[in-house]
Amino acid sequence: QVQLVESGGGLVQAGDSLRLSCAASGRSFSSYAMGWFRQAPGKEREFVAAISTRSIRTRYADSVKGRFTISRDNAKNAVSLQMNSLKPEDTAVYYCAADPSFMAASYAYWGQGTQVIVSS
């Protein structure tokens, strides 16, 4: 099992950058693929980005490609999401998630989320 705690959310203006972090505890962090998801008010949760166990593979939602970058540090049990050129439509609660499978449709473990608000 793995426990996840997100941090780094906040209120920013359109065009700004923000870096989200997720600290993991528990066994075998390096054996889990990691992902970021988000949920905007009144909308369903959606996939944002994922990274494989050894950072060899990454994948992104079309809406964030070229603006967001996911990375991980297995030595520190951490995963990050660098968000550049933020838009008001990026406003959401962002969740860190872990799963044994890089291509999982439903992740096994979730953090509690961190709020990101992008003002226009």
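Just so you know, these numbers come straight off a predicted model, no measurement behind them.

Cut-offs and rules
- Residues numbered from 1 in each chain as written.
- Predicted model: local features only at pLDDT ≥ 70, side-chain atom pairs only at ≥ 80, totals over all residues.
- Heavy atoms only, no water.
- Helix = DSSP H or I, 4+ residues; strand = E, 2+ residues; numbered from the N terminus.
- Rg over C-alpha atoms; globule rule 2.2 N^0.38 Å.
- Buried < 20%, exposed > 50% of the residue type's maximum accessible area, 1.4 Å probe, protein only.
- Contact = heavy atoms within 4.5 Å.
- Pairing = 2+ DSSP bridges.
- Salt bridge = Lys/Arg side-chain N within 4 Å of Asp/Glu carboxyl O.
- Phe/Tyr/Trp six-rings, centres within 6.5 Å; stacked < 30°, edge-to-face > 60°.
- Lys, Arg positive; Asp, Glu negative; His and termini not counted.
- Polar contact = N/O pair within 3.5 Å; in protein donor to acceptor, adjacent residues only side chain to side chain.

S.K.: Explanation requested: the overall build of the protein in the structure shown.
M.R.: Counting its secondary structure elements, the protein contains 0 helices and 11 strands. Order of helices (α) and strands (β) in the protein, N terminus to C terminus: β-β-β-β-β-β-β-β-β-β-β. Taking 2.2 N^0.38 as the reference for a compact globule, 120 residues should give roughly 14 Å; the C-alpha atoms of the protein span a radius of gyration of 13 Å, in line with that estimate. Taking the principal axes of its C-alpha atoms as reference, the protein extends roughly 40 × 25 × 25 Å. By residue count, 42% of the 120 residues in the protein fall in the buried class. Across the protein, the fraction of contacts at a sequence separation of at least 24, relative to all contacts at a separation of at least 6, is 57%.

S.K.: Would you take a moment to explain the pairing of strand E4 (residues 33-39) for this structure?
M.R.: In summary, the side chains of a regular strand alternate between the two faces of the sheet. With 6 of 7 residues buried, E4 is to be regarded as a mostly interior element. Of the pairings in the sheet, the one linking E4 to strand E9 (residues 92-99) comprises 7 bridges and is antiparallel in character. By the bridge assignment for E9, Gln 39 is matched with Val 93. Bridge count for E4 against strand E5 (residues 46-51) is 5 bridges, and the pairing is antiparallel. Among the inter-strand pairings, Arg 38 is bridged to a residue of E5, identified as Glu 46.

S.K.: Would you mind showing me how to read the pattern of salt bridges here?
M.R.: For side chains bearing opposite charge, pairing can occur when the charged atoms are close. Within the structure shown, the criterion is met by 4 salt bridges. Of the charged contacts in the structure, one is a salt bridge between Lys 65 and Asp 62, with a shortest N-O distance of 3.2 Å. The exposure class of Asp 62 is exposed, given its relative accessible area of 67%. A cluster of three or more residues bridged by salt bridges with shared partners is formed by Arg 38, Glu 46, Arg 67 and Asp 90.

S.K.: Where do I start with the packing of aromatic side chains in this structure?
M.R.: Any aromatic ring pair is given by two values, namely how distant the centres are and how the planes are angled relative to each other. All told, the structure shown has 5 aromatic pairs when counted by the stated rule. For the ring pair Phe 37 and Phe 47, a centre distance of 5.7 Å and an interplane angle of 75° mean the geometry is edge-to-face. Of this pair, Phe 37 sits in strand E4 while Phe 47 sits in strand E5, placing them 10 residues apart in sequence. Centre to centre, the rings of Phe 37 and Tyr 107 are 5.1 Å apart; their planes meet at 75°, and the pair counts as edge-to-face.

S.K.: Got a minute to help me understand the side chain of Asp 99 in this structure?
M.R.: Tracing the backbone shows Asp 99 in strand E9. Buried charged residue Asp 99 carries no salt bridge. Nearest counter-charge: Arg 59, at 8.7 Å. There is a polar contact of 3.0 Å between the side chain of Asp 99 and the backbone nitrogen of Ala 108. The residues contacting Asp 99, other than those within four sequence positions of it, are Tyr 32, Ala 33, Ala 104, Ser 106, Tyr 107 and Ala 108.

Keep in mind these values describe shape, not function.
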